[in-house]
Amino acid sequence: MVASGCGGTGRELAPYVDLDGLDLVTRSITLDARAGGAAPRVAETPSGLVHAVGHQNPGLEHFLATELPWLVRAGVRVHVSVVGASIGEYAELARRLSRAPGVAGLEINLGSPDQAGEDLFEVREPYHAASVVAAVRREFPADRPVLAKLRPDLSRAVEGARAVHDAGASGVVLGDAVPAAMPDGRPGGLCGPAITPVALRCVREVTALLPDVEVVGAGGVDGPATARAFLAAGAVGVQVGAALLHDPTTVARVRAALADDLADDLADDLAGGPDDPERTL
Ligand SMILES: Cc1cc2nc3c(=O)[nH]c(=O)nc-3n(C[C@H](O)[C@H](O)[C@H](O)COP(=O)(O)O)c2cc1C
């Protein structure tokens, strides 16, 4: 999957990637348009980048009228990332998106809420996160996936994943960027190779302790090797984020390599082998 906010509106990827059948998570969409944070919004670090985009997006109405139809026509499987400042806002986004043709699924942004820091509503807390997921799930058809995206915070990952799974999330994305600071001190999120080991540890702990929870890994996936590391840690899928900013073909390369792996596994299964007692063919 293309990670939220890293594939632009989809149009930017078109010259580099066959969009037909591609799973793309949109940048996080709010009910009303957001102008975003002040420039510069990204800063290079020795092993990744810090970003402070501030949820720049055109708002739900404009997204439904322009970006979504284009993506659907291009054959993209569109997962809309939603972000709000209250349970009601998340639910309203889900309700309106449930009626929009071509929305394959939702991803709930629970790691970087809109207007963070409200005293009464802290969506990064597992209890509030679960309330959001339950409210979204009530508004969105049961046969379409709702992913809950969490921060790769080892101290809360298992608790958070359990809470959102019990509230009805189809799966968990681990994870979002790691809280960091821009060089000028503004809050931002660290992503890229620097966070891969942290995200891998979170994926490993959640999948080991909660085998029923399907986890999509994210954090510094820059090619087949890192993607395979997330799958080896127990993830059922991966997202490619910041790597797309310097090589937009990364998602196509990862996709092709994992499809080849799958084909090889199937061929091995069909050929049978003494090492696997389950093999019957
Ligand atoms: C420029 C940029 C914009 C992002 N925008 C969003 C966003 O709108 N919503 C969201 O949930 N995550 C957003 N993210 C976080 C990514 O989706 C991803 O979770 C994170 O960067 C870790 O993956 P990576 O190391 O492969 O980039 C953004 C990341 C970057 C670099």
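Residues numbered from 1 in each chain as written. Predicted model: local features only at pLDDT ≥ 70, side-chain atom pairs only at ≥ 80, totals over all residues. Heavy atoms only, no water.

## Quick look at the environment of P193
Assignment of secondary structure puts P193 in the loop between strand 9 (187-191) and helix 5 (196-209). The partly exposed category is assigned to P193, whose relative accessible area is 49%. As for P193 and D222, which are separated by 29 residues in sequence, their C-alpha atoms are 7.9 Å apart. (Helix = DSSP H or I, 4+ residues; strand = E, 2+ residues; numbered from the N terminus. Buried < 20%, exposed > 50% of the residue type's maximum accessible area, 1.4 Å probe, protein only.)

## Examining helix 2 (residues 87-98)
A rise of 1.5 Å per residue sets the reference length of helix 2, with its 12 residues, at 16 Å; its end C-alpha atoms lie 16 Å apart and thus fit the reference within 8%. Turning to helix 2, its buried residues are Y90, A91, L93, A94, L97 and S98. Projected down its long axis, helix 2 shows its buried positions confined to an angular sector of 160°, all on one face. Residues of helix 2 that are buried sit in contact with helix 1 (60-73), strand 4 (77-82), strand 5 (103-109) and helix 3 (126-139). (Expected span 1.5 Å × (residues − 1). Arc of directions from axis to C-beta. Contact = heavy atoms within 4.5 Å.)

## What to know about the site of the ligand
Of all residues adjacent to the ligand, which total 22 residues, the nearest are S4, S28, G192, G220 and A242. Separating an oxygen atom of the ligand from a side-chain N or O atom of K149 is a distance of 2.8 Å. G175 places a polar main-chain atom, nitrogen or oxygen, 3.2 Å from an oxygen atom of the ligand. (Near = heavy atom within 4 Å. Polar contact = N/O pair within 3.5 Å; in protein donor to acceptor, adjacent residues only side chain to side chain.)

## So, the pairing of strand 8 (residues 178-181)
Across 4 bridges, the pairing between strand 8 and strand 9 is antiparallel. Pairing of V178 across the sheet is with L190, part of strand 9. Hairpin connection between strand 8 and strand 9: a loop of 5 residues separates the two successive antiparallel strands, and G185 in this loop has a positive phi of roughly 100°. (Pairing = 2+ DSSP bridges.)

## Overview of the sheet that holds strand 4
With respect to topology, 7 strands assemble into an open sheet ordered 1-4-5-6-7-10-11, the strand pairing being parallel. Lying at the two open borders of the sheet, with one neighbouring strand each, are strand 1 (23-25) and strand 11 (237-239). The sheet shows a mean angle of 25° between the axes of neighbouring strands, taken without regard to direction. Pairing analysis gives 4 bridges linking strand 5 to strand 6 (residues 146-150), with the strands arranged parallel. Considered in strand 6, the bridge of N109 is made with K149. (Axes fitted to C-alpha atoms, helices over the stretch in contact; angles between N-to-C directions.)

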